[in-house]
Structure formats: structure tokens, C-alpha cells
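A structural walkthrough
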Amino acid sequence: MASQRDVRKQLILCDCLGTQTIDATAIEAATGQNCTRVHTALCTREIDKTADLLRQGGSVVACQQERQRFEDLALEIQADTPQFLDIRDRAGWSDDPASKSPKMAALAAEALLQTTSPKVRDVISEGTCLIIGQHDVCLSAAAQLSDTLSVTALLLDGTPTEPSSAYDVIKGKLTHASGSLGQFDLRFDQLQQVEPGGRGAVGFTQPQDGARSTCDIILDLSGNQPLFTAHEKRDGYLHADPKHAPSVARAIFDAAQMVGTFEKPLYVRLEPSLCAHSRAEKPACSNCLNACPTGAITSAGDHVAIDPMICAGCGACSSLCPSGAISYDAPPVHDVFRRIQTLASTYRKAGGKDPRLLVHDDTHGVEMIRLAARFGRGLPADVIPFETTALASFGHAEMLAALGAGFASVAILLSPKSDRDTLSRESDLAAAISERTIMLLDMDDPDGLSAALYDAPSVTAIDTPMLPIGTRRQVARTAAKSLRQDDIIALPDTAPYGAVLVDTDACTLCLACVSLCPSGALADNEDLPQLRFQEDACLQCGLCSNVCPENAITLEPRLNLTDTALTQVVLNEEEPFACIECGSLFGVKSTIEKITEKLAGKHAMFGNPDAARMIQMCDNCRIQAQYHSENNPFAAGERPRVRTTDDYFSDRKDH
């Protein structure tokens, strides 16, 4: 694999007051990058040396704790902002007596990789805000936000003592809410607005049903169920318990910050032509629909549609998509595979053996590792942490890629908000293919994390690692061939790999399955009545079994590692029928004979022998026979003679 690292970066090393041992020579040899000598207090008494190093440019500071200090320093001296790498919490602070150099080198090499910038879309919020709640809490929040936002307060009870020019007040029932930050769509019934004139109690207009409006922000202080599923992932929607003052205060503060232009990452990429959601209104795959927590994915006929403004980037859809129609794009999967391969190969190059991969998120996981390192035993020397923003996007293909690239085992540290169903399903599939246990660590105790990793049984990595190159399906297959010697591996029912089994006694070769197969795994033969199948392309979406009129098709989840999976095999075939007029082959002999037996002489359209013979003719001969038959319903009168110039002159003379 070609290296995609920046050219000759400079690693600025510090042992943090002598609390970790760093071998600069070993890291430099394994990464091919320049390393400074090992300093001991770059953030304090050696800050001048840090400034000198930053002025040289192309720096990677091996410290995350003092990142803000070093960024401020770079700004002060007008140097380029450096990159940062944490080798202290993730490697150096550990009770494991084994050398940490291979792990430090691997982490440094990964940090030097060029990454793909995520695609983004601008979201504009002008600050129009709807606040929903009971009288007191709603109007209090409206008063606090009215200087910053354009506020409308939807009261669920009570009436304001007097109208306010700082914000609007309405009553009614919110019947529909959709959208996200900057583009919420709202519908109301029994909507009433304040009548600003008059004396005494505030009056309202007559109730109106079916009213529509829009807003940029929704602050829900109603105390009711949230308006959206996975509401915490809905940009622009803030839900707080009105009885908990700190939560209300935090929500008000957050709402005030939601004015301006924001960048919304486009987390996933959709290729509709690859989607196996349905065909001809027959259902097939709905994995992504079932897994999406925010409702960003909807059915759009033969394929699904994704609202990028609602998508929160959990990544479950990309892990579960059997065809690759949905792929995670922030970062793209090839970046993930490259990081995995770089970590494993650099670790081996630095002299390490049998590394273990610990996958974690960028919040809970980072904090667990930090606390374990500072106050506990830290991570074992052979456990390499792998940070990802979307834990559920690390599916079975990524797990297999890690094992195939040379990791002895894979463990996934769950966070409180992790999609456990998706990760459990994908880890079970990876375990079935690899015959290795994928650890799911569901804990919030840093000491427990360390204990689980130190006490895990020893496992050996494969001798000949593979390069994880290609699509997720291709990488999964390549990794499986590296990990297993079996020809065929039995898989769970939810697996996206498998065979199609056909009951040849029931199959009539109608080929309805072929016409609707979304991946092209099922095919026909233009010259012979055959049903052909390429197992490597089968998604196990179930569409073929759903459309089969004879219920002749069943699915067998499995992974066929032989070359036969890459070629077409015949599932069913029959002798073709020869046209009784021209002898050309058409149709299936058994089918033509059955039709002839049922219709010839027994149906009004085929009562005479000449009509019955047409059943046994090819399309061309049948048309000819129909045209020349007696009482042909398509026959016209005798064709008139073509008129000539003489005919027209003759007509003129007659007149």
C-alpha cells in the first residue's frame, strides 16, 4: 500500500516530567519521520525550546493535555498550528513492564496519515425560536432570550398579564414538527395569537386549525415526551425538564448560541442504484430503516432516501447495509482501513508481536483511557487504541480487516449512548467468520477496563497479514480467507452473505427472481432455459424468495470462500421446446407441454386444432399463423391499388 503520510514531519517528544519512557530512535526508525530529543517539561520551563521547534514548521506535538497552550503559543509566535498526538495516556502511562515503543511508533505513524476532510453543508439559523411550556417557565425563558433571538412562546396554560413587544405569545396545539436547525416545519391546530389592543386581560384571536409556520430553533420546556426520537441528536431541538432549573438554564444558554452559519457534516453517502430496499413493490432489505435512531432514512420506492440534515452520523446504516449503497463518509471507509493497516504494520516493524485493537469513541472512550492511565494501571503495552467518532460504523468488515491486517483480537469499548444492537449483531457476524471472540466492553469504570484487558486470554495474530483494500464486502472476504482454512462458513440468519437454494421440482423457470434481483446475483441464459447464480454477489435480501410464485426459493446464510462463489453456477435448467414450424428453441419444454395439455381442445380460444398448434410455436411463427388464419380479428380488407399520376389527371378530366 502506498504511503499517504506527510513528508518528513517532526515529532516533538516529551516524557512529562519523567513519568514515561520514550525511545526516540525506535519511533524514528519505525515511522521514517524526524524525532526531537526527548524533553521533559515542554509546557513549562522548556517552553522556549517548544517555541523554537514550532518555528521550524511541520510539527507534531506528542501531547494532548496541553494542546490549548501549544496552539496559543503557535499563534503568539506566528507559527503554523501543529498537529497533536497522545502517546502518554494511550501508551506511556502503563503498569505493563513490556516495551511501549512499538505501540508509540504505531500511534505516531497513524497520526501522520493524511485524512480525508469530511464534506459539509452550510446551515443558516437566523434565530427564530419557538419556546413550548407552561406559563411561568415559558415566559421566563422567552424574556431571557428575547434580546438574542426572535422568540415566539407557545403557552400550554395560563394567559400573560399584559402583552410584550419583546416576544410573541400564542396558544394552540402543535400537531406536527419536522426538520432540524434552521428549517423546522410546524403545524398547529386551535392556534390563537395575542390581540395587542384593549384594556384589562390580554385577549386572543379566534382559534385556527391547520396553521403552518417555520422556525430555526425549538426550545421544548413542556415536560412532555420529546417531539423527536433520539431528540438529543436533532440539531436545533433542545428538550429540558422544566422542574430542573440547571437543565433549563443550560438549554436557554445553548439556544442563544444557535444563531449564524453552521457547518453540517454529510456523514453518509448513498448510491441508490445499489440499494436492495425493494423492487416492484416487493419488500427486501430494511436494515438501515430499522436501525436509524433519528428517522433520517425513509423509503423512497425501490431505494431509501436519507435526509442529511437530520442524520446524526451514528454510522449504523453503513455497517448494516449489505450492498454498500450506504457508506460512511466522515471519514470514508478506505481511511479507516488505511489507519488499521498502518497501526498493525508499524507495530510489527517496531518489533511488537500480537497487537490487540481497542476501538472506542471520541468522548466516553477517550475519558476512560485517560482516567485509567492517570489513576490506574493504564492500557497493556500490546493494546492499541483506535478512536472513531461513530462507534456503530465499525462493523464486521472493519473488525475482520483488523484481524486480517495482523491484530490478534478486537475489543470495542461501548459508551452509554452506543447502538448496542448494531454492534452486537456485527460482532457476532465477525466472530462467526473469524472464529475469534470480539469483546464488547460495556463499562464505565476505568479500573474495570484495565482489568478486562490485562486479564484477557492471550491470542496469536495470523502469520501472513493481508492488505485491507477494496469495498467492505471485498475486505471481509479477503480477511476471511486469511483467517480461515474452511471452504464454507455457516453464518447467522442476518448475515449479508449466502446462497440461494432452489426446489427444482417446484421451480417453473419463470425468472421473476432474475428480473428483480437488485445485485445481479441471479441471472438467466439467453440461449437456454436456465437459472444461474453468482454467490459472491448475493446480499441475502430475500427479494427473490418474496417474489417467487411457487415458493421454490430459500436462503442459506453462509460465506463461500472457494472460487465457485465468484462464478455463475446453474441452479435449475430444463430442455427447451422446439417450435413445430421453424424448429427454433423457445420456452421450457415441460411448461409448453403442460399448457398444451390444459388448453388444447378445452378452452374456447384453442378449440380447433389450428389454434391449439399456435401454443407450440415461437413468437414469430405464432404471429404468422394468426395473420393467415381464417376469421383473423386483425385482418383488414384487400389492400387498395396504389394511385398514380395518371389517376389524378383522369380525375381532373372527369370534373
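My aim in this report is to walk through the structure given alongside it, one point at a time. (Residues numbered from 1 in each chain as written. Predicted model: local features only at pLDDT ≥ 70, side-chain atom pairs only at ≥ 80, totals over all residues. Heavy atoms only, no water.)

1. Structural notes on the pairing of strand E32 (residues 585–588)
Which entries qualify depends on this criterion: Two strands form a pair only when DSSP identifies at least two bridges running between them. By definition, any uninterrupted DSSP run of H or I lasting at least four residues is a helix, any uninterrupted run of E lasting at least two residues is a strand, and each is numbered from the N terminus.
Here 3 bridges tie strand E31 (residues 576–578) to E32, and the two strands are oriented antiparallel to one another. Looking across to E32, one finds that Ala 578 is bridged to Leu 585. Two successive antiparallel strands, E31 and E32, enclose a turn made up of 6 residues, where Gly 583 displays a positive phi of approximately 85°.

2. Description of the state of the cysteines
Our working definition: The disulfide definition used here is simple: a pair of cysteine sulfur atoms within 2.5 Å. Each residue is placed in one exposure class: buried if its accessible area under a 1.4 Å probe, protein chains only, is under 20% of its type's maximum, exposed if it is over 50%, and partly exposed if it falls in between.
Scanning the model with the defined rule gives 0 disulfides in all. Not part of a disulfide, Cys 215 finds its nearest cysteine sulfur in Cys 129, a span of 7.0 Å. Judged by relative accessible area, which is 6%, Cys 215 ranks as buried. Cys 618 supplies the cysteine sulfur nearest to Cys 621, a cysteine that is in no disulfide, at a spacing of 3.6 Å.

3. What about the pattern of salt bridges?
To be explicit about the condition: Between Lys or Arg on one side and Asp or Glu on the other, a salt bridge is scored when a side-chain nitrogen of the former is within 4 Å of a carboxyl oxygen of the latter.
Throughout the structure, instances matching the rule amount to 24 salt bridges. Its salt-bridge partner being Arg 269, residue Asp 329 comes within 3.8 Å of it at the nearest N-O pair. Highlighted residues: Asp 329 in the loop between strand E20 (326–328) and helix H10 (333–349) and Arg 269 in strand E15 (residues 268–270), separated in sequence by 60 residues. The partner of Arg 472 in a salt bridge is Glu 398, and the shortest N-O contact between them spans 3.0 Å.

4. Describing H10
The periodicity of an α-helix, 3.6 residues per turn, causes residues three or four positions apart to be oriented the same way. Quick reminder of the rule: A helix is expected to span 1.5 Å multiplied by its residue count minus one. Here, two residues are considered to be in contact whenever any of their heavy atoms come within 4.5 Å of each other.
Between its first and last C-alpha atoms H10 spans 24 Å; for 17 residues at 1.5 Å apiece the expected length is 24 Å, and the two agree. Summarising burial for H10: 12 of the 17 residues are buried, a large majority. Taken together, the buried positions of H10 are occupied by Asp 335, Val 336, Phe 337, Arg 338, Arg 339, Ile 340, Gln 341, Thr 342, Leu 343, Ala 344, Thr 346 and Tyr 347. Buried residues along H10 sit in contact with helix H1 (24–31), helix H5 (101–111), strand E21 (356–361), strand E22 (383–388), helix H12 (396–405) and helix H15 (472–483). Just past H10, the residue Gly 351 takes up positive phi, approximately 100°.

5. Let's talk about the packing of aromatic side chains
For any pair of aromatic rings, geometry is given as the distance between the ring centres together with the angle between the planes. Under the convention used in this document: Centre distance within 6.5 Å is the pairing criterion for rings of Phe, Tyr and Trp, where only the six-membered ring of Trp is used; planes under 30 degrees apart are then read as stacked, over 60 as edge-to-face, and the remainder as tilted. For a Lys NZ or an Arg CZ to count as sitting over a ring, it must be within 6 Å of the ring centre and within 35 degrees of the ring normal.
Within the structure shown, the criterion is met by 4 aromatic pairs. One aromatic cluster is present, built from ring pairs that chain together Phe 184, Phe 228 and Tyr 237. We note Arg 88 situated over the ring of Trp 93; from NZ or CZ to the ring centre the distance is 4.1 Å. When the ring centre of Phe 386 is taken as reference, the NZ or CZ atom of Arg 339 above it lies at 3.9 Å.

6. Section: the pairing of strand E9 (residues 184–195)
In the sheet, strand E8 (residues 168–178) pairs with E9 via 7 bridges, with the strands oriented antiparallel. Following the sheet pairing, His 176 is matched in E9 by Arg 187. Connecting E8 to the next strand, E9, in antiparallel fashion are 5 residues, including Gly 179 with a positive phi near 100°. In the sheet, E9 pairs with strand E11 (residues 211–215) via 5 bridges, with the strands oriented antiparallel. Its bridge partner being in E11, Arg 187 is matched across the sheet by Arg 212.

7. What to know about the sheet that holds strand E3 (residues 59–61)
Strand order in the open sheet formed by 4 strands is E2-E1-E3-E4, and the pairing between neighbours is parallel. Among the strands making up the open sheet, the edge pair consists of strand E2 (34–35) and strand E4 (83–84). Direction of pairing for strand E1 (residues 10–12) relative to E2: parallel, over a ladder of 2 bridges. The residue of E2 that forms the bridge with Leu 11 is Cys 35.

8. Considerations on the side chain of Asn 560
Formally: Nitrogen and oxygen atoms within 3.5 Å of one another constitute a polar contact, given that in protein one can donate a hydrogen and the other can accept it, and given that sequence-neighbouring residues count only through two side-chain atoms.
Mapped onto the secondary structure, Asn 560 falls in strand E29 (residues 553–560). In terms of polar contacts, Asn 560 uses its side chain to reach the side chain of Thr 562, at 2.6 Å. One polar contact links Asn 560 to Thr 564, side chain to side chain, over a distance of 3.3 Å. If we ignore the near neighbours within four places in the chain, the residues touching Asn 560 are Arg 477, Asp 487, Ile 488, Glu 535 and Ala 565.

9. Some words on the nonpolar core
Stated formally: Nonpolar cores were defined as sets of buried Ala, Val, Leu, Ile, Met, Phe, Trp, Tyr and Cys residues, with membership established by side-chain atoms within 4.5 Å.
Counting 57 residues, the largest nonpolar core has Ile 340, Leu 357, Phe 394, Val 410, Ile 412 and Ile 433 as its most contacted members. When residues in this core are grouped by element, the largest group, 7 residues, is from H12. The contacts of Ile 340, once residues within four sequence positions are left out, are Phe 386, Phe 394, Glu 398, Ala 401, Ala 402, Ala 405 and Phe 407. Core analysis: the next-biggest nonpolar cluster, separate from the first, contains 30 residues, Ala 153, Leu 181, Ala 251 and Ala 255 among them.

10. A word on unusual backbone geometry
Cis geometry is found at the peptide bond from Ala 330 to Pro 331, where omega equals 10°. Positive phi, close to 55°, is recorded for Gln 540, a residue that is not glycine. Checked against the element boundaries, Gln 540 lands in the loop between strand E28 (530–533) and helix H17 (543–547). Although it is not a glycine, Asn 551 adopts a positive phi angle of roughly 55°. Overall, the relative accessible area of 63% leaves Asn 551 in the exposed class.

11. What to know about the sheet that holds E22
What counts, and what does not: Axis definition: a line fitted to C-alpha atoms, limited for helices to the stretch in contact. Angles are taken between N-to-C directions and run from 0 to 180 degrees.
With parallel pairing, 4 strands are arranged side by side in an open sheet as E22-E21-E23-E24. Only two strands of the sheet have a single partner each, and these edge strands are E22 and strand E24 (438–441). Each adjacent strand pair in this sheet contributes to an overall mean axis angle of 20°, direction not counted. Examined bridge by bridge, strand E23 (residues 409–413) and E24 share 4 bridges and lie parallel to one another. If you follow Ala 411 over to E24, its bridge partner there is Met 439. Against the sheet, helix H11 (residues 364–375) engages E21, E22 and E23, with an angle of about 120° to E21. Of the strands in this sheet, E23 and E24 touch helix H13 (residues 420–434), which is tilted by about 160° from E24.

From the geometry alone we can't say anything about function, so treat these as descriptive.
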